[in-house]
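# Commentary on secondary and tertiary structure
Take a look at the letters that make up each chain.
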Amino acid sequence: MEDKKGFHSLLLENKTKLHITQVTDVDTFDEGKIILYTEEDSVIVEGYDLHIQKLDVAGGELNVTGEIVSIVYAGHDGYKKGKGFFKRMLK
């Protein structure tokens, strides 16, 4: 059987709903940009009126709604990782 480590999926519906699996952390988010991490990459989601509907880091799921205009894979070292949203909140 194939190794699933690092495997994730990204489902974009009608440019308004985004579902990503294997999310390990969310670094920053606002209504225009969300920066998140999977086991393999950092991912930058840009758009308008972005809202995180569901974030389950333990289960690795993220659901976003809003007008999504771009999704960029920045690679593992492509975006300098900060402390992460949850690490700052639990400080």
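Structural data are supplied above this passage.
Basis of the calculations
Residues numbered from 1 in each chain as written. Predicted model: local features only at pLDDT ≥ 70, side-chain atom pairs only at ≥ 80, totals over all residues. Heavy atoms only, no water. Pairing = 2+ DSSP bridges. Helix = DSSP H or I, 4+ residues; strand = E, 2+ residues; numbered from the N terminus. Axes fitted to C-alpha atoms, helices over the stretch in contact; angles between N-to-C directions. Patch = residues over 30% accessible without salt bridge, like charges linked within 9 Å, V, L, I, M, F, W, Y side chains within 5 Å. Areas by Shrake-Rupley, 256 points an atom, 1.4 Å probe, with all protein chains shown as cover. Salt bridge = Lys/Arg side-chain N within 4 Å of Asp/Glu carboxyl O. Buried < 20%, exposed > 50% of the residue type's maximum accessible area, 1.4 Å probe, protein only. Contact = heavy atoms within 4.5 Å. Polar contact = N/O pair within 3.5 Å; in protein donor to acceptor, adjacent residues only side chain to side chain. Core = buried A, V, L, I, M, F, W, Y, C linked by side-chain atoms within 4.5 Å.

## Section: the sheet that holds strand 2 (residues 17-20)
As summarised here, the arrangement of the 6 strands in space is 1-2-6-5-4-3, forming an open sheet in which the pairing is antiparallel. Pairing within the sheet leaves two strands with one partner each, and these edge strands are strand 1 (10-13) and strand 3 (23-29). Averaged over all pairs of adjacent strands, the angle between their axes in this sheet comes to 40 degrees, without regard to strand direction. Pairing geometry for strand 1 and strand 2, over 4 bridges, is antiparallel. Each residue of the ladder has a partner; that of Leu-11, found in strand 2, is His-19.

## A few points about a nonpolar patch on the surface
On the surface, Leu-10, Leu-12 and Tyr-73 cluster together into a nonpolar patch covering about 240 Å² of accessible area. As for its position among the elements, Leu-10 is in strand 1.

## Some details on the environment of Lys-54
Along the chain, Lys-54 falls in strand 5 (residues 42-56). The class of Lys-54 is partly exposed, set by a relative accessible area of 36%. Taking the C-alpha atoms as reference points, Lys-54 and Val-64, separated by 10 residues in sequence, lie 7.2 Å from one another. Residue contacts for Lys-54: discarding those within four places in its chain leaves Glu-61, Leu-62 and Asn-63. Polar side-chain contacts of Lys-54 include one of 3.4 Å to the side chain of Glu-61.

## A closer look at the nonpolar core
By size, the foremost hydrophobic cluster in this structure holds 12 residues: Leu-18, Ile-20, Val-23, Val-26, Ile-34, Leu-36, Val-43, Val-45, Leu-50, Leu-62, Val-64 and Ile-68. Contributing elements (two or more residues each) for this core: strand 2, strand 3, strand 4 (33-38), strand 5 and strand 6 (61-75). In this structure, Ile-20 is in contact with His-8, Ser-9, Leu-10, Leu-36, Gly-60, Glu-61 and Leu-62, ignoring residues within four places of it in sequence.

## Brief notes about unusual backbone geometry
Positive phi, close to 50 degrees, is recorded for Asn-14, a residue that is not glycine. Mapped onto the secondary structure, Asn-14 falls in the loop between strand 1 and strand 2. Despite not being glycine, Lys-15 shows a phi value in the positive range, around 60 degrees. Relative to the elements of secondary structure, Lys-15 occurs in the loop between strand 1 and strand 2.

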